[in-house]
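# Breakdown of the fold
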Amino acid sequence: MSGVNEAEFLGRLKKFEGQPAATAGVGKDLVNEPMIRHWCEAMGDAHPAYTGPGAIAPPTMLQAWTMGGLSGHGDGTGRTSGYDELFELLDGAGFTSVVATDCEQEYVRDLRPGDRVTYDAVIETVSERKTTKLGTGHFVTTRMDVSVDGELAGTHRFRILKYTPAPLSSRPPEEDLARAEGREAGEAPPRVLRPRPVVNRDNAGFWAGVAEHRLLIQRCEDCAELRFPWLPGCNACGSGRWDTVEASGGGTVFSYVVMHHPPFPAFDPPYAVGLVELEEGVRIISNVVGVTPDKVRIGMPVRLEFLRVDDELELPVFRAEVA
């Protein structure tokens, strides 16, 4: 961005917000059973709702029906010139690398074999310049609305980072880290907080329970199936009606890994991350504490407790019960 004022450049980027990224796009294939079958086999999902008469497509396939494949759409639909112009502007400023960071989907109606999807997309937001471990750049969020016969079926938000890769350095790692944190080598690094959990409308009740030192499990009001992690609908019968039960706190280590590398700020390796099977039958991923990581074993009994990691964050963890 040599010779270009940062605020001026951000203003040029912000002009793309609200511009279409795709207009009147048409799915290349009808929603169809073979693609549903391949998806379910790849994901290991054998739910009966996706097979046989009256089958629906897995909701998470929402974006799959809009993809043009390696050959693209070839019919004039798809990405607009505005999207390309935004990328050209970012590329020209040196933000030539790209990485997908996250996506968010909202489902409004089921998709069934034979449906033809149409879609429109908009460049929703372009962030100010951000510095990450990968490098410095801008986050671009695109929202796609997917419809069938003019009726909204779902919304897909996709966020990427267009960035300039952080240069490799011959300086010692401590010097690099200190420089990135704005301090002198040898000076104590600032306290780094653990990443914050993503709290949304689907899991807010879980985190409200944690704040009260209660581990809440969803229970379907129609078929009584317990589920964890929290989901908007029952994965056994599809019902959207649910209440909660409080976990007793007991469980066993179903599986685990010991993290040694790479190091992350606010974490002190080695540490054990366990897949814990609760007495209620559902499983949760959390840290196993109370023993050194090399002592963690499959089948080890554990007991729920709550760990305050800083002034604002408390997390459920599981303490090994050893004789």
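In this report, the structure presented in the accompanying data block is examined.

### Some remarks on the overall build of the protein
Counting its regular elements, the protein contains five helices and 14 strands. Once local pairs closer than 6 in sequence are excluded, the contacts in the protein between residues at least 24 apart make up 62%. Counting only carbon and sulfur atoms, one obtains 54% of the accessible surface of the protein, whose full area is about 18,700 Å².

### Quick word on the packing of aromatic side chains
Enumeration over the complete set of coordinates arrives at seven aromatic pairs. Centre to centre, the rings of Phe-206 and Trp-207 are 5.0 Å apart; their planes meet at 80°, and the pair counts as edge-to-face. For Phe-206, a relative accessible area of 7% puts it in the buried group. Look at Phe-206 and Trp-230: their rings are 6.4 Å apart centre to centre, the planes differ by 65°, and that puts the pair in the edge-to-face class. Of this pair, Phe-206 sits in helix H5 (residues 204-211) while Trp-230 sits in the loop between strand E8 (226-227) and strand E9 (242-246), placing them 24 residues apart in sequence. Residue class for Trp-230 comes out buried when judged on its relative accessible area of 10%. The structure contains a cluster of three or more aromatic residues connected by ring pairs, namely Phe-206, Trp-207, Phe-228, Trp-230 and Trp-242. The side chain of Arg-283 reaches across the aromatic face of Phe-254, ending 3.5 Å from its centre.

### With respect to the sheet that holds strand E12 (residues 283-289)
Around the barrel, which closes on itself, the five strands sit in the order E10-E11-E12-E14-E13 with mixed pairing between neighbours. Across this sheet, the average inter-strand angle for adjacent strands is 50°, counted without regard to direction. Examined bridge by bridge, strand E10 (residues 250-259) and strand E13 (residues 301-308) share three bridges and lie antiparallel to one another. Opposite Gly-251, over in E13, you have Val-302 as the bridge partner. Seen against the sheet, H5 touches E13 and strand E14 (314-320) and runs at an angle of roughly 70° to E14.

### Overview of the pattern of salt bridges
Across all of its chains, the model carries 24 salt bridges by this definition. Residue Glu-246 is joined to Arg-214 by a salt bridge in which the shortest nitrogen-to-oxygen separation is 3.3 Å. Here Glu-246, found in strand E9, pairs with Arg-214, found in the loop between H5 and strand E7 (216-220); they are 32 residues apart in sequence, far enough to count as distant. Overall, the relative accessible area of 43% leaves Glu-246 in the partly exposed class. In this structure, Arg-303 engages Glu-321 in a salt bridge whose closest nitrogen and oxygen atoms are separated by 3.8 Å. In this pair, Arg-303 sits in strand E13 while Glu-321 sits in the segment after E14, placing the two residues 18 residues apart along the sequence. For Glu-321, a relative accessible area of 41% puts it in the partly exposed group.

### Structural notes on the sheet that holds E7
In spatial order, the strands read E8-E7-E9; together these three strands make up an open sheet with antiparallel pairing. The open sheet terminates on both sides in strands that have one partner only, identified here as E8 and E9. Two strands pair when backbone bridges link them, and E7 and E9 are joined in this way by five bridges, in the antiparallel orientation. The residue bridging Ile-217 from the neighbouring strand is Val-245, located in E9.

### What about unusual backbone geometry?
Following Phe-228, the chain continues to Pro-229 via a peptide bond in cis, the omega torsion being 5°. Looking at the secondary structure, you find Pro-229 in the loop between E8 and E9. Cis rather than trans, the peptide bond between Pro-269 and Pro-270 has omega equal to 0°. Residue position: Pro-270 is located in the loop between E10 and strand E11 (271-278). Positive phi outside glycine occurs at Asp-149, with the angle close to 55°. Mapped onto the fold, Asp-149 is located in the loop between strand E5 (135-148) and strand E6 (151-165). The exposure class of Asp-149 is exposed, given its relative accessible area of 77%. Residue His-213 is not a glycine yet carries a positive backbone phi of 60°. Following the sequence through the fold, His-213 ends up in the loop between H5 and E7.

Conventions used here
- Residues numbered from 1 in each chain as written.
- Predicted model: local features only at pLDDT ≥ 70, side-chain atom pairs only at ≥ 80, totals over all residues.
- Heavy atoms only, no water.
- Helix = DSSP H or I, 4+ residues; strand = E, 2+ residues; numbered from the N terminus.
- Contact = heavy atoms within 4.5 Å.
- Areas by Shrake-Rupley, 256 points an atom, 1.4 Å probe, with all protein chains shown as cover.
- Phe/Tyr/Trp six-rings, centres within 6.5 Å; stacked < 30°, edge-to-face > 60°.
- Buried < 20%, exposed > 50% of the residue type's maximum accessible area, 1.4 Å probe, protein only.
- Lys NZ or Arg CZ within 6 Å of the ring centre and 35° of its normal.
- Pairing = 2+ DSSP bridges.
- Axes fitted to C-alpha atoms, helices over the stretch in contact; angles between N-to-C directions.
- Salt bridge = Lys/Arg side-chain N within 4 Å of Asp/Glu carboxyl O.

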